[in-house]
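Results of the structural survey
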Amino acid sequence: ASIDAELRREVAQIVDAAEAKVVSSLTVTALDDWENGRSGLIDYAEQHRSSGLGEQALQALVVSGKERGDLETIFSAGLKLISEYPSSSQIEHTLGVMIDASLRAAQFRILASHLEQFAKTFPKHENTQEFLYQASHIRETLGQYDLANRNYRWILAQSKSGDGALEKIVFAMADNAE
């Protein structure tokens, strides 16, 4: 019985390595012929939704989309990775790419949304409060005062008393209420 288990484990490792090579091959194709390679990675991600291979294909799309400056691919693949693989180790990196792409493209409403998503996904991260504070400023500038105040309330709930930022936040929320 132990030989069977060991043999199964070896076969599984060989299959995993072969499948990972397929994702690598599709990624190389995307570098040479973006439209066909991108399409191949999208199809592969769809076909392997329930496995780590779909996750790898989506991550390859995010990275390749960043290289190509393809915002649509970055955002669609990134959002799909976040929703379909919520425990992925790649979510922090993916959100970082999405935040950076939104900022570079001056897509501030999308930027605020990605900053809020980061805070929701990583509430204990060292940048979370700053990201929410920035998202709040963006929401205020866009006239989305309720969303700004929602972020401010979260920051207030997480902040320590005696923190000088608390006064700023309270006054900003009061301004938003007017």
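Please refer to the structure placed before this passage.
Here's a quick rundown of the structure.

Reading the values: the criteria
Residues numbered from 1 in each chain as written. Predicted model: local features only at pLDDT ≥ 70, side-chain atom pairs only at ≥ 80, totals over all residues. Heavy atoms only, no water. Helix = DSSP H or I, 4+ residues; strand = E, 2+ residues; numbered from the N terminus. Phe/Tyr/Trp six-rings, centres within 6.5 Å; stacked < 30°, edge-to-face > 60°. Buried < 20%, exposed > 50% of the residue type's maximum accessible area, 1.4 Å probe, protein only. Patch = residues over 30% accessible without salt bridge, like charges linked within 9 Å, V, L, I, M, F, W, Y side chains within 5 Å. Areas by Shrake-Rupley, 256 points an atom, 1.4 Å probe, with all protein chains shown as cover. Salt bridge = Lys/Arg side-chain N within 4 Å of Asp/Glu carboxyl O.

One non-glycine residue with positive phi stands out, namely Ala106, at about 55°. By the element assignment, Ala106 lies in the loop between helix H5 (91–104) and helix H6 (108–121).

To continue, consider the packing of aromatic side chains. The full count for this structure, using the stated rule, is three aromatic pairs. Look at Phe118 and Phe131: their rings are 5.0 Å apart centre to centre, the planes differ by 70°, and that puts the pair in the edge-to-face class. Taken as a pair, Phe118 in helix H6 and Phe131 in helix H7 (residues 128–141) lie far apart in primary sequence, 13 residues in all. By the burial criterion, Phe118 is buried, and Phe131 matches it. Three or more aromatic residues joined by ring pairs make a cluster, and in this case those are Phe118, Phe122 and Phe131.

Another point: a nonpolar patch on the surface. Together, Leu103, Phe108 and Leu142 line one region of the surface with nonpolar side chains, adding up to about 260 Å² of accessible area. Examined against the element boundaries, Leu142 turns out to sit in the loop between H7 and helix H8 (145–158).

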